[in-house]
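# Structural overview for review
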Amino acid sequence: MKPRSRAILATTAALAAATVTLPFASAPASAAGPGVVISEVYGGGGNSGATLTNDFVELYNSSSAPVDLTGWSVQYASSSGTSWRATDLTGSIAPGAHYLVQESQGSGGTAPLPTPDASGSLAMSGSNGKVALVTDGTALGCGASCHAAAGVRDFVGYGSANDYEGSGAAPGLDNTTSDSRTNGADTDDNAADFTAGEPTPTNSAGETSGGGSSGGGGISGLQIHDIQGAAQLSPYDGKAVEDVPGVVTEVDGNHFWMQDATPDSNPATSEGVEVYGASGVVAGDAVTVSGSVYEFRPGPRYGANLTTTEIEDPSVTVTSQDNPIPDATLVGRGGRIPPGSVIEDDASGTMANQASFDPANDGIDCWESMEGMRVGIVDAQVVGPTSKYDETPVVPDGSSVRTDRGGIVLRAGDANPERVILDETLAQVPSANVGDSYSGTTIGILSYDFSDFHLMVTTTPTLVSGGIAREVTTAENGLSIASFNVENLDPTDPQSKFDGLAREIVDNLASPDILGIEEVQDNDGATDDGVVAADKTLSKLVDAIEAAGGPTYDWRQIDPANDQEGGEPGGNIRNVLLFQPSNQLSFVDHGDPSSTEPTKVRGHGKDVRLTRSPGRIDPASQAWDDSRVPLVGQFSWHNDPLFVITNHFRSKGGDDPLFGRYQPGTHPSEPQRHQQAQEVRDFVDSLLAAYPDAQVVVTGDLNDFDFSTTLRILDGSGPTALTDLPATLPLPERYTYVYEGNSQVLDHILLSPSLAEAKYAYDIVHVNAEFADQLSDHDPQVVTLR
């Protein structure tokens with residue numbers, strides 16, 4: 001795992017000094033759906049004075065029918081916390097039966113739990129906390145009202161918890177007591193329904209003692225490929241296994257990877273697995289491992305990520321040393337070829353509902369079939385710059401469609417499942433730009449983290465430079481209009497960022513006449529102190545442009561209301577228009593700029609005008625909730641009106657990842673962008689209705705693709721259709737942004753019919769998105785109107 005996700009798990013393990021238990025109920029809680037309730041909670045597992053080694057949560061089905069728990073979760077937060085973590089549930093709970101969820105293990109205790117029905121790593125407090133039974137796996141985000149949140153089927157607050165059902169919380173606990181339902185009652189009142197007493201964990205088989213996850217009593221005779229199975233989830237998830245053989249391939253602190261020296265003939269079943277919670281072995285050791293199989297879900301987007309199969313709480317026996325390490329499975333020329341376009345087409349809702357495991361067709365299954373194994377990428381091609389986390393996206397040689405500069409293009413229906421991320425968990429990886437490559441075969445351990453499959457490189461590969469240079473646009477005669485996302489620019493940024501952006505504007509963009517810029521922050525950046533003015537930010541940028549040999553730009557912008565436009569908290573992000581006044585070009589100021597009142601269209605023909613210039617498009621609309629309101633400016637160009645609208649639509653934050661648990665993924669950010677596109681489209685229509693030949697330029701970071709519904713709404717159709725300029729480029733040139741190795745269009749310039757029918761030149765100027773030392777994560781674009 002990457003250290004940034006394992007740090008979360010390590011912190012959780014360090015806190016494993018608490019657990020709570022809720023025994024069974026004889027009647028369903030009204031909040032608990034079809035008869036399933038939390039029946040016991042315990043958080044003192046492995047703590048001082050405890051007998052049991054693990055925390056646990058116990059469920060009970062008081063109904064007369066089995067209940068399928070697949071896709072549900074048990075979740076925990078501290079007594080006053082809002083950071084919930086979840087343990088996924090699978091299988092069903094029979095009528096009148098219990099279901100035992102094993103959680104974090106402490107360093108003490110002598111008795112393991114009965115064999116759990118599900119296992120997690122929640123470190124519950126032994127005295128005060130909150131436990132929820134939820135019908136999905138998405139982590140809750142509420143504080144003192146979670147008991148009534150959507151999807152919560154039952155809820156227990158204990159001790160000093162700030163949230164609970166009914167009149168008060170269940171009793172506070174210590175390391176020797178759990179909270180259990182009193183006489184099985186469920187009146188939706190935690191204080192009345194629970195009593196503290198001796199823990200009595202019971203699993204679905206009715207076992208109340210024995211089992212456990214520290215070796216002995218587990219399932220024996222299994223090999224790694226049996227545990228991994230031909231599936232996303234292990235068929236032995238939550239089960240104790242005994243004496244699983246393997247050869248240690250890599251070691252990292254208190255976890256290691258092992259691989260079977262005698263693999264089966266089925267390429268769909270991985271031969272490698274991670275063993276978490278053991279040390280003292282070295283690569284080449286032949287070992288047998290006993291422990292508990294666990295599907296670990298990493299990363300901050302907890303509920304949306306896939307899981308990694310592990311053996312946890314292990315007992316390890318070294319049977320021999322200095323054994324040959326199993327060969328790496330090759331990916332690329334001469335080896336396995338990942339699917340070229342399909343990520344997953346067999347699942348509905350979640351990967352738990354996958355109809356079939358299909359590594360030959362589905363990229364998500366192809367990489368899963370090698371999870372935990374030594375894997376080698378043949379002549380790895382760099383398709384995304386090395387990130388600040390030292391992660392570099394690559395594809396095997398031969399992947400397509402590639403950009404002219406070595407990237408790989410995101411297209412409708414093809415999100416490039418052949419991508420994998422090289423990371424530095426185990427060995428250094430030279431920093432790279434798009435178009436570079438790593439010669440030979442890059443070998444590592446295949447795992448999953450932060451919504452992507454990762455190859456944890458084990459030997460530093462050799463970098464071969466692709467030699468891409470920052471582009472310089474060709475200067476054209478005419479009026480040049482550019483768009484540039486400058487990524488949270490504010491005066492607290494180093495002078496080098498201002499100077500670098502200035503050089504890109506002057507040297508690479510040829511000092512455009514009009515420049516719409518996005519992500520300009522206020523005068524003190526992310527300090528959330530009520531400051532909204534950005535004059536210092538803009539003065540610093542304009543001065544740097546002049547110092548770089550460029551013109552003296554003027555600007556127009558409107559300060560937003562404090563903390564209303566999204567972006568970095570306290571930054572008060574906004575859109576700005578820079579321009580060079582000249583004999584041919586001037587800004588037309590009308591009315592009083594307002595952050596809350598809209599600009600309107602007045603007049604007809606060449607007398608068309610804005611009531612406010614600069615102005616904003618319908619700022620009271622819910623389309624702009626927690627998002628930037630478009631800035632509209634009216635110019636006079638050769639005595640004709642010219643309207644420039646600079647935009648920054650809602651980001652894709654919160655959407656499901658491509659390689660995620662939910663398939664097909666959902667995109668909850670899309671509806672707001674559709675609303676935003678419609679608002680801008682309606683405003684453009686009002687201009688064209690007043691003057692069909694109106695010269696209108698729509699620019700900015702629209703946070704959506706050239707083939708998206710957002711752009712189809714904004715384009716419109718018929719005689720008033722706008723022309724989206726990125727879509728006019730050949731596919732290998734069509735990108736302004738590189739995300740997780742996918743070259744894609746997020747930034748756009750659109751022209752009204754009168755401008756699109758005339759001559760123009762358009763260029764996306766690749767100066768940032770492909771480079772590890774980028775000043776912004778976006779590339780600018782420029783159109784010259786002639």
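Thresholds applied
Residues numbered from 1 in each chain as written. Predicted model: local features only at pLDDT ≥ 70, side-chain atom pairs only at ≥ 80, totals over all residues. Heavy atoms only, no water. Helix = DSSP H or I, 4+ residues; strand = E, 2+ residues; numbered from the N terminus. Rg over C-alpha atoms; globule rule 2.2 N^0.38 Å. Buried < 20%, exposed > 50% of the residue type's maximum accessible area, 1.4 Å probe, protein only. Contact = heavy atoms within 4.5 Å. Areas by Shrake-Rupley, 256 points an atom, 1.4 Å probe, with all protein chains shown as cover. Lys, Arg positive; Asp, Glu negative; His and termini not counted. Charge placed at Lys NZ, Arg CZ, Asp CG, Glu CD. Pairing = 2+ DSSP bridges. Axes fitted to C-alpha atoms, helices over the stretch in contact; angles between N-to-C directions. Expected span 1.5 Å × (residues − 1). Core = buried A, V, L, I, M, F, W, Y, C linked by side-chain atoms within 4.5 Å.

When helices and strands are counted, the chain shows 9 helices and 44 strands. For the chain, whose C-alpha radius of gyration is 29 Å, the value lies close to the compact-globule estimate of 28 Å for 786 residues. Residues classed as buried in the chain amount to 59% of the 786 residues present. For the chain, the share of sequence-separated contacts (at least 6 apart) that also reach a separation of at least 24 residues comes to 69%. When the accessible surface of the chain is summed, it comes to about 26,900 Å², and 48% of that surface belongs to carbon and sulfur atoms. The centroid of the 41 positive side-chain charges in the chain is displaced by 9 Å from the centroid of its 108 negative side-chain charges.

As summarised here, the arrangement of the 6 strands in space is β30-β31-β29-β28-β44-β43, forming an open sheet in which the pairing is mixed. Pairing within the sheet leaves two strands with one partner each, and these edge strands are β30 (554-556) and β43 (760-764). This sheet shows a mean twist of 20 degrees between the axes of neighbouring strands, independent of strand direction. Alignment of strand β28 (residues 479-489) against strand β44 (residues 781-785), held across 5 bridges, turns out to be antiparallel. Among the inter-strand pairings, Ile481 is bridged to a residue of β44, identified as Val783. Across the sheet, helix α5 (residues 495-508) is in contact with β28 and β29 (514-520); its angle to β28 comes to roughly 160 degrees.

The end-to-end C-alpha separation of α5 is 19 Å, in line with the 20 Å expected for 14 residues at 1.5 Å each. When α5 is considered as a whole, its buried residues turn out to be Lys497, Phe498, Gly500, Leu501, Ala502, Glu504, Ile505, Val506 and Asn508. The secondary structure elements touched by the buried residues of α5 are β28, β29 and α6 (535-547). Within two residues after α5, Ala510 carries a phi angle of roughly 60 degrees, on the positive side.

Time to look at the nonpolar core. The biggest cluster of nonpolar side chains holds 31 residues, and the ones touching the most others in it are Trp367, Met370, Val375, Ile377, Val420, Tyr438 and Phe453. Looking at this core, the elements with two or more residues in it are α4 (363-368), β21 (374-382), β24 (420-423), β25 (437-449) and β26 (452-457). Residue contributions to this core peak at 4 residues, all from β21. Counting 27 residues, the second largest nonpolar core, distinct from the first, contains Val601, Trp624, Phe649 and Phe683.

Attention now moves to the environment of Gly238. Take Gly238: it is sitting in the loop between α3 (224-228) and β15 (240-252). Classification of Gly238 by relative accessible area gives buried; the value is 0%. Note: C-alpha distance between Gly238 and Glu207 (31 residues apart in sequence) is 15 Å. Here Gly238 is in contact with Thr115, Pro116, Ser119, Ser292 and Val293, once residues within four sequence places are set aside.

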